[in-house]
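Examination of the molecular architecture
Residue strings, one per chain:
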Amino acid sequence: MSDRITPRTLKGFRDYPPAMMIPREWIIETARRVYRLYGFSPIDTPALEHLEILIGKGSDETDKQLYRFEDHGGRPVGMRFDLTVPLARFVAQNIQDLGTPFKRYHIANVWRGENTQRGRYREFMQCDFDTIGTTSLSADIEMVLVINDLLTALDVGGFTIHVNHRGLLNGLLEKLGLADQATAVLRSLDKLAKIGAEGVSKELRSAASATDSQIEQLLKLSSLEGSNDEMLAEAEKLVIGSPVGERGVAQLRELIGSVTTTLSSEAMGRIRFAPSICRGLDYYTGIVVETTLDDLPEIGSVASGGRYDNLANLFTSQELPGVGASLGLDRLLAALEELGRLEQVHTPAEVFLPFFDSDRRNEYLSLAARLRAAGMGVEFFPDAKKLGKQLQYANRRGFRVALILGNDEFTSGECQVKNLATGESQTVARGDDDANLIAAVRCILQS
RNA sequence: GUGGCUGUAGUUCAGCUGGUUAGAACGCCGGAUUGUGAUUCCGGAGGUCGUGGGUUCGAAUCCCAUCAGCCACCCCA
């Protein structure tokens, strides 16, 4: 047996044991619930697409990271590297049946063959939601509200939603005569928080061959401080005379105004105009957002998105503008773990039923069935091992309650209800339908 | 893709400039306690030192390659 195959996973790909999968599923379920509350419908698309659908849609960088190969029929194919390009293909192909506006969410794995790092893998999950087929700012506003509701539901603690507008940036670039260097300039500006004003100006000089006065103007916009209103007023001055720039400022003002009046007073401080963020992706054309956790800003954006008015043009002549965002599941998970905001639970059920008296299996099974019918998760231990061992197992898995019944209890019609967190145990008379017992368990679970 | 660091029991690590049967803590399993889990005591299992070559009388230790992880760049979730 020396030729056994070594069990291993590919670089950047990983297994998800229960301790990881339980919080993961909780986030996914929360995202699903919040998206649905806004009327977004689920879709899925194939992991594999014709190569021509995927290449040239993101940037040179995404083309390099694309997993590509020939299928068994010799067709050039690729694995999706995000959910937005498949969405563009999907709506271009099906919009006549879907109608507009089309609101969808899509929670699925994507693949990128890039170098790995903590929180960065080659297979990872995105939780996207987008509204297709309307240019109304309502959809942009709703995107921000969804992010707010989602992160609130996920109990991540304080967070800040940073918003900016590509039109504002493009307007300034036009005025400065740097429009053809847009990508390089925006990428440099995006790093302001990371490398500082000096680093950015150095990079602007070398990468975008910007002059000192151009750099000064760009940094002036990026470094604005004050209230949202004050910053917007200053930004407006910088782009005055540029229609796209002025429109960007107007939209930002409207969006921030709408969001702050909709949110509760404690939540409205969460939205901030942030003139330096712009998102690396080329296809954004309007509002862009990034969201950081106040207690862990250095981990980067956990929910990002924006408006893209041209994406489906690659596949159809029909005009299909869109706006949407994506929750960074794995990054958020890493952050919550680091912040100690994840409950360490290893079992999806909360009630543990030891197999104590080996002659009474069927009686245990019917008790478990009755509790499950009452909506409680119950795990019945498969082996009639020593009670101490069974309780140890229950304790490690994070069960809340153990129900202990041996020969004594069965004959007296009672049950010991043990609170595993405190160690306290009470004896409850079961009665005919176990209603007493169910109430006692429920009491502990709700405390 | 580029550069740097790391890789020894399940886990965290020790192992001096190469030298006999590679250690510890915690964890795990069994028992003390045949009806009660985070304590205590006793006992036990578990490692071809990531993998493959090379140098050497001799390699966990040195060299090369490879795989994997971490960090920075790049990019992004």
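Up top you'll find the structure we're talking about.
Quick caveat, the model's predicted, so the values are computed rather than measured.

Let's talk about unusual backbone geometry
Going from T100 to P101, the amide bond is cis rather than trans, its omega being -5°. On the secondary structure map, P101 appears in the loop between helix 4 (84-98) and strand 5 (102-111). Look at D155: it is not a glycine, yet its phi comes out positive at around 55°. Among the structural elements, D155 can be located in the loop between helix 5 (137-153) and strand 7 (159-165).

Examining the protein's contact with RNA strand B
Around RNA strand B there are 41 residues in total, and N395, R396, D408, Q416 and G423 lie nearest to it. Within 4 Å of the protein, the contacting atoms of RNA strand B are drawn from sugar and phosphate to the extent of 48%. Broken down by secondary-structure element, the contributors of at least two residues to the surface near RNA strand B are strand 6 (123-132), helix 14 (387-397), helix 15 (407-412) and strand 15 (414-419). Residue classes in the surface near RNA strand B are distributed as 9 nonpolar, 16 polar and 16 charged.

Observations concerning the packing of aromatic side chains
For any pair of aromatic rings, the description consists of the separation of the ring centres together with the inter-plane angle of the planes. Tallied over the full model, the rule gives 14 aromatic pairs. Taking the centre distance of 5.3 Å and the plane angle of 75° together, the rings of Y364 and F410 count as edge-to-face. Highlighted residues: Y364 in helix 13 (residues 361-373) and F410 in helix 15, separated in sequence by 46 residues. Overall, the relative accessible area of 0% leaves Y364 in the buried class. When its relative accessible area of 13% is taken as the criterion, F410 is described as buried.

Reading guide: rules and limits
Residues numbered from 1 in each chain as written. Chains lettered and ligands numbered in written order. Predicted model: local features only at pLDDT ≥ 70, side-chain atom pairs only at ≥ 80, totals over all residues. Heavy atoms only, no water. Helix = DSSP H or I, 4+ residues; strand = E, 2+ residues; numbered from the N terminus. Near = heavy atom within 4 Å. Nonpolar A, V, L, I, M, F, W, Y, C, P; charged D, E, K, R; others polar. Phe/Tyr/Trp six-rings, centres within 6.5 Å; stacked < 30°, edge-to-face > 60°. Buried < 20%, exposed > 50% of the residue type's maximum accessible area, 1.4 Å probe, protein only.

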